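So you can see what is in the structure, the chains are spelled out below.
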Amino acid sequence: MKKIACLIYFFGKRYDKIGTCAINSFKKFHPDIDLYHINEHNSHEYFATKRLATIGHGAYKYLLAAEIMIKHKYDKIIILGADTITCDRLNEFIDGEEDILATLDYPYQLQIPIGFPVTPNSETHVNADVVCFNNINPILDIVKVAK
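I will try to describe carefully the structure that is included in this document.

Rules behind the numbers
Residues numbered from 1 in each chain as written. Predicted model: local features only at pLDDT ≥ 70, side-chain atom pairs only at ≥ 80, totals over all residues. Heavy atoms only, no water. Axes fitted to C-alpha atoms, helices over the stretch in contact; angles between N-to-C directions. Helix = DSSP H or I, 4+ residues; strand = E, 2+ residues; numbered from the N terminus. Parallel < 35°, antiparallel > 145°, perpendicular 65-115°, else oblique. Left-handed = near helix turned anticlockwise from the far one by under 90°. Contact = heavy atoms within 4.5 Å. Nonpolar A, V, L, I, M, F, W, Y, C, P; charged D, E, K, R; others polar. Phe/Tyr/Trp six-rings, centres within 6.5 Å; stacked < 30°, edge-to-face > 60°. Buried < 20%, exposed > 50% of the residue type's maximum accessible area, 1.4 Å probe, protein only. Salt bridge = Lys/Arg side-chain N within 4 Å of Asp/Glu carboxyl O. Expected span 1.5 Å × (residues − 1). Bend = angle between axes of the 7 residues up to and from the residue.

### Some words on the packing of helix α2 (residues 52-72) against helix α4 (residues 137-146)
Part 1 of the reasoning: At a closest axis distance of 9 Å, the pairing of α2 and α4 adopts a crossing angle of 150°. When the axis of α2 is compared with that of α4, the two are roughly antiparallel. You can see that α2 and α4 cross each other, and the crossing is left-handed. In contact with Ala59, Tyr62, Leu63, Ala65, Ala66 and Met69 of α2, α4 contributes Ile139, Leu140, Ile142, Val143 and Ala146.
Part 2 of the reasoning: Residue composition of the contact of α2 with α4, grouped by class: 11 nonpolar, no polar and no charged.

Have a look at this one:
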């Protein structure tokens, strides 16, 4: 059986209500998955926080996810944004074996600087606030590209 975690990360009072909804809705359908909520009250407990100023918030959540995976020996980690309301069990993420599982976002072109061809109607943008990683390597690659 895979050891799975979920990370929900948000900072600031303005996100408290919606973030609490994200946490509670995930817990309702996933009581068996370890949930990490990282905010301004506990971020100091993570080494990744020391790099926040140099990598920015976008890459920070991935660095946090990598740290949690390594420290607690998780096989898989789900990352959800504070505005994500879970309405059912995320079986596609839990059962999926691909390195990265994600949902699609608005239909606009994803342009990344690591050699993927960009053609009309290709590489639709993924929702970075609803993603699952089945190993740490793609997370580390994202952090490298984001620098």
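### Some thoughts on the packing of aromatic side chains
In this description, a pair of aromatic rings is defined by centroid distance and the angle of the planes.
Part 1 of the reasoning: Taken as a whole, this structure holds five aromatic pairs when the rule is applied.
Part 2 of the reasoning: Aromatic pair Tyr9 and Phe11: ring centres 5.4 Å apart, planes at 65°, arrangement edge-to-face.
Part 3 of the reasoning: Given a relative accessible area of 15%, Tyr9 falls into the buried group.
Part 4 of the reasoning: Ring centres of Tyr36 and Tyr74 lie 6.0 Å apart, and the angle between their planes is 85°; on these two criteria the pair is classed as edge-to-face.

### A short note on the pattern of salt bridges
Part 1 of the reasoning: Applying the stated rule across the entire model yields three salt bridges.
Part 2 of the reasoning: Residue Asp32 is joined to Arg89 by a salt bridge in which the shortest nitrogen-to-oxygen separation is 2.8 Å. Remark: Arg89 occurs in the loop between β3 (76-80) and α3 (91-95) and Asp32 occurs in the loop between α1 (16-29) and β2 (34-38); sequence separation between them is 57 residues.
Part 3 of the reasoning: Take Arg89: its relative accessible area is 26%, and that puts it in the partly exposed class.
Part 4 of the reasoning: Across the salt bridge formed by Lys61 and Asp129, the nearest N and O atoms sit 2.7 Å from each other. Here Lys61 is found in helix α2, whereas its partner Asp129 is found in strand β5 (residues 124-133), with 68 residues between them in sequence.

### Description of α2
Part 1 of the reasoning: When the terminal C-alpha atoms of α2 are compared, their 21 Å separation across 21 residues is substantially less than the 30 Å that a helix rising 1.5 Å per residue should span.
Part 2 of the reasoning: In α2, a bend of some 95° at Gly58 exceeds every other bend along the element.
Part 3 of the reasoning: Of the residues trailing α2, Lys73 is marked for its positive phi of about 55°.

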